[in-house]
Amino acid sequence: MSDLTIRNLFIIPTIAFLIIFNIFPLLYSLGYSFTDFRASTNAPANFVGLQNYHYLLTDPFIWRNFTITAKYVIVSVTGQVIVGFGMAMLLNRDIPLKGLITTLLLLPMMLSMAVVGLFWKLLYDPSFGIINYGLGLGKFEWLADPDVALYAVALTDIWMWSPFVMLLSLAGLSAVPKHLYEAAEIDRAGSFYTFFRITLPLVAPIVMIAIIFRTMEAFKTFDLAYILSSQPTAELIAIRLYKMAFLEWQTGMSSAFAYIVLVMVVAITNIYVKYLNKVKER
Amino acid sequence: MAAVRTPREIFLNRVAIAAVMVVLLIMLVPIYWIGSTAFKPRNLATTIPPTVFFQPEVSPFVKLMTKRSQLRKPVEQEVYDAAPWWEKMVLDGGEKVVRTGKGKIRPSGYGQRFTNSLIVSIISTFLAVSMGTLTAYGFSRFKVKGEDDWLFFILSTRMLPPVVVAIPMYLMYRVVGLNDSHLGLIILYTAFNLSFSVWIMKGFIDEIPREYEEAALVDGYTRIQAFFKIVLPEAMTGIAATAVFCFITAWNEYAFALIMTNRRAQTAPPYIPSQVGSGLPDWTVIAAGTFLFLLPVAIFTFLLRNHLLRGMSFGAIRK
């Protein structure tokens, strides 16, 4: 077989598979997004033009879902960066059993969001949860209080994904050339100066990757929030979309909604990949 | 860090070690709590103050695997004495094991869901990794027009929110009858993991020197032989790491499983939360189910520890 045949044989099935099972369905739903189709009835789909899009983009309730999601993304990603980077700074020295400790710290992010998230319901329980007991908060309502629920979900997300930021930060920190620190020491530079002038600038690109990646994932969050809270104040975009499509069966409308979300995700992905390639080249 | 150690540095290091221990403790409490609740008697699962020391027992696992019903009145002594040891545990908890007319024990839905999880995760991992390895080799060794664009396309399919893909897939599966089937989930998970596997395997294969194959080609190997006899063995560590990553992703997946399956092909992640329901859930049983479900991932995490960085960054960062 010629190299050309082998190349095509190796690559084309994958591309075809992804087109059939990812791109084709999206085209399929693009068609539905211009109709009032409901998958729960046998009524034929009527073409309604851009009406779905117009409705969604002017509906104040949908905008509330976007605001909630933005709040969630900011709180949970900021938390993850602070905790994750903090842990990396602590671990970036001579610590006995460092390898074992790092692996143990990474455990939360490998576990199923849905299943472990569910267990946080017990931890958050107002009367016998260990969080209220440990913090001495009495009967504090984490998940039932509409003002707190979203932050409780974010807190669980921070617990799960800080290790991810830590992992990437550690890689960045260990790549900072030692001689820079030695030079700083000779110059009697203070530790603040060393941190802001040497450590931070060199670690920033890799932390940036962690931030964009987590932003993208937080924007898409479904499992954790859906399982932990039924509060409307914690209804993220993905949850609204799910309810619209599979509980209210507004298939046409939800297809249009999915497209709006899709455009946003593709935009963030683009930024992410650009950044990834930039860092890779160094 | 520095070779010279001043008293101040030694002190700082000790503070850091103490801080790390505190952080480690906080991070692991939820996981420890799952593990310990899975071995508690029901009345100790929700006590105030929380029960830390207790006599561990396996009754939550017995309850997890069987269908039970509430006892209206205590069973007679003879029945109790005749029951096997594990059934006594259920009876002690004020419940009895449900049997069929022929006296066979009815299992709960957990075993079936766990098996479904295994079937779907293993097959989809195998497909994603084999296709991904071939494709990665293709991109790594041959000139492909618009290579970066193709790779971006492949990655972008991974970034789609599951619910967005699920809406049309649900409609299409309904037409071809793939809803609530193993094959339906396997296809979705393969597609999802395929992009990951291409990206990460490309990194591993890029690292294998081309000279190895070229030497083999000179020796009269065909390209295919060189691929199977030279490249694959060299890439084995990478393939294993990729497979474990794909397995974990499929194993943990929730949204697709929730939407696409409801009984026959349902996997464990949507099943476990559905058991909580309303009222007072038996947290020991939920913990037991969670514990069994998390165990394989926890073991894999340790096996994978040296590859985590690479896997989580799509192969962008290598050590």
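Residues numbered from 1 in each chain as written. Chains lettered and ligands numbered in written order. Predicted model: local features only at pLDDT ≥ 70, side-chain atom pairs only at ≥ 80, totals over all residues. Heavy atoms only, no water.

A short note on the environment of Leu217 of chain B
Residue and element names in this part refer to chain B. Note on placement: Leu217 falls in helix α10 (residues 210-218). Its relative accessible area of 31% is what places Leu217 among the partly exposed residues. Apart from the residues within four sequence positions on either side, Leu217 is in contact with Thr222, Arg223 and Ala226. (Helix = DSSP H or I, 4+ residues; strand = E, 2+ residues; numbered from the N terminus. Buried < 20%, exposed > 50% of the residue type's maximum accessible area, 1.4 Å probe, protein only. Contact = heavy atoms within 4.5 Å.)

Structural notes on the interface of chain B and chain A
At the junction of the two partners, chain B supplies 96 residues and chain A supplies 92 residues. Contact between chain B and chain A buries roughly 8900 Å² in total, counting both sides, with carbon and sulfur atoms accounting for 84%. For Asp3 of chain A, the salt bridge identified is with Arg223 of chain B, shortest N-O distance 3.2 Å. Linking chain B with chain A are ten residue pairs in polar contact (both at pLDDT 80 or more). (Buried area = accessible area lost by both parts, 1.4 Å probe. Salt bridge = Lys/Arg side-chain N within 4 Å of Asp/Glu carboxyl O. Polar contact = N/O pair within 3.5 Å; in protein donor to acceptor, adjacent residues only side chain to side chain.)

Brief notes about the packing of helix α6 (residues 110-141) of chain B against helix α12 (residues 236-252) of chain B
Relative orientation and spacing of two packed helices are given, respectively, by the angle between their axes and the distance between those axes. Residue and element names in this part refer to chain B. Packing of α6 against α12 brings their axes to within 8 Å, and their N-to-C directions diverge by 140°. Our classification of the angle between α6 and α12 gives oblique. Two packed elements cross with a definite hand, and for α6 against α12 that hand is right-handed. Residues Phe114, Ser117, Leu118, Ser121, Ile122, Ser124, Thr125, Val129 and Thr133 of α6 pack against Ile239, Thr242, Ala243, Cys246, Phe247, Ala250 and Trp251 of α12. (Axes fitted to C-alpha atoms, helices over the stretch in contact; angles between N-to-C directions. Parallel < 35°, antiparallel > 145°, perpendicular 65-115°, else oblique. Left-handed = near helix turned anticlockwise from the far one by under 90°.)

Details of helix α11 (residues 223-234) of chain B
Taking 1.5 Å per residue, twelve residues should reach 16 Å; α11 of chain B reaches 15 Å between its end C-alpha atoms and fits that length. Every buried residue belonging to α11 of chain B is among Arg223, Ala226, Phe227 and Val231 of chain B, and all of these are buried. Looking straight down α11 of chain B, one finds its buried side chains confined to an arc of 100°; they lie on one side. The elements touched by buried residues of α11 of chain B are α1 (3-32) of chain A together with α6 and α10 of chain B. (Expected span 1.5 Å × (residues − 1). Arc of directions from axis to C-beta.)

Remarks on the packing of α1 of chain A against α11 of chain B
Contact geometry of α1 of chain A with α11 of chain B gives a least axis separation of 10 Å together with a crossing angle of 50°. By the criterion of interaxial angle, the relationship of α1 of chain A to α11 of chain B is oblique. Judged by residue contacts, Asp3, Ile6 and Phe10 of chain A of α1 of chain A engage Arg223, Ile224 and Phe227 of chain B from α11 of chain B. Residues that form the contact of α1 of chain A with α11 of chain B fall into these classes: four nonpolar, no polar and two charged. (Nonpolar A, V, L, I, M, F, W, Y, C, P; charged D, E, K, R; others polar.)

A few points about the domain arrangement of chain B
For chain B, the domain assignment lists domain 1 (67-106) and domain 2 (111-274). Averaged C-alpha coordinates put domain 1 of chain B and domain 2 of chain B at centres separated by 45 Å. (Domains from an automatic or database assignment.)

Re the packing of aromatic side chains
Scanning all chains against the criterion turns up 43 aromatic pairs over all chains. Aromatic side chains Phe247 of chain B and Trp251 of chain B sit 5.4 Å apart centroid to centroid with 20° between the ring planes, which places their arrangement in the stacked category. Taken together, the residues Phe247 of chain B and Trp251 of chain B, both in helix α12 and four residues apart, mark about one turn of the helix. For the pair shown, Phe247 of chain B and Trp251 of chain B are each scored as buried. Through successive ring pairs, a cluster of aromatic residues spans Phe222, Tyr226, Tyr242, Phe246 and Trp249 of chain A together with Tyr170 and Tyr254 of chain B. Sitting over the face of the ring of Trp33 of chain B, Lys40 of chain B holds its NZ or CZ atom 4.0 Å from the ring centroid. Stacked on the ring of Phe204 of chain B, the Lys or Arg Arg310 of chain B has its end atom at 3.7 Å from the ring centre. (Phe/Tyr/Trp six-rings, centres within 6.5 Å; stacked < 30°, edge-to-face > 60°. Lys NZ or Arg CZ within 6 Å of the ring centre and 35° of its normal.)

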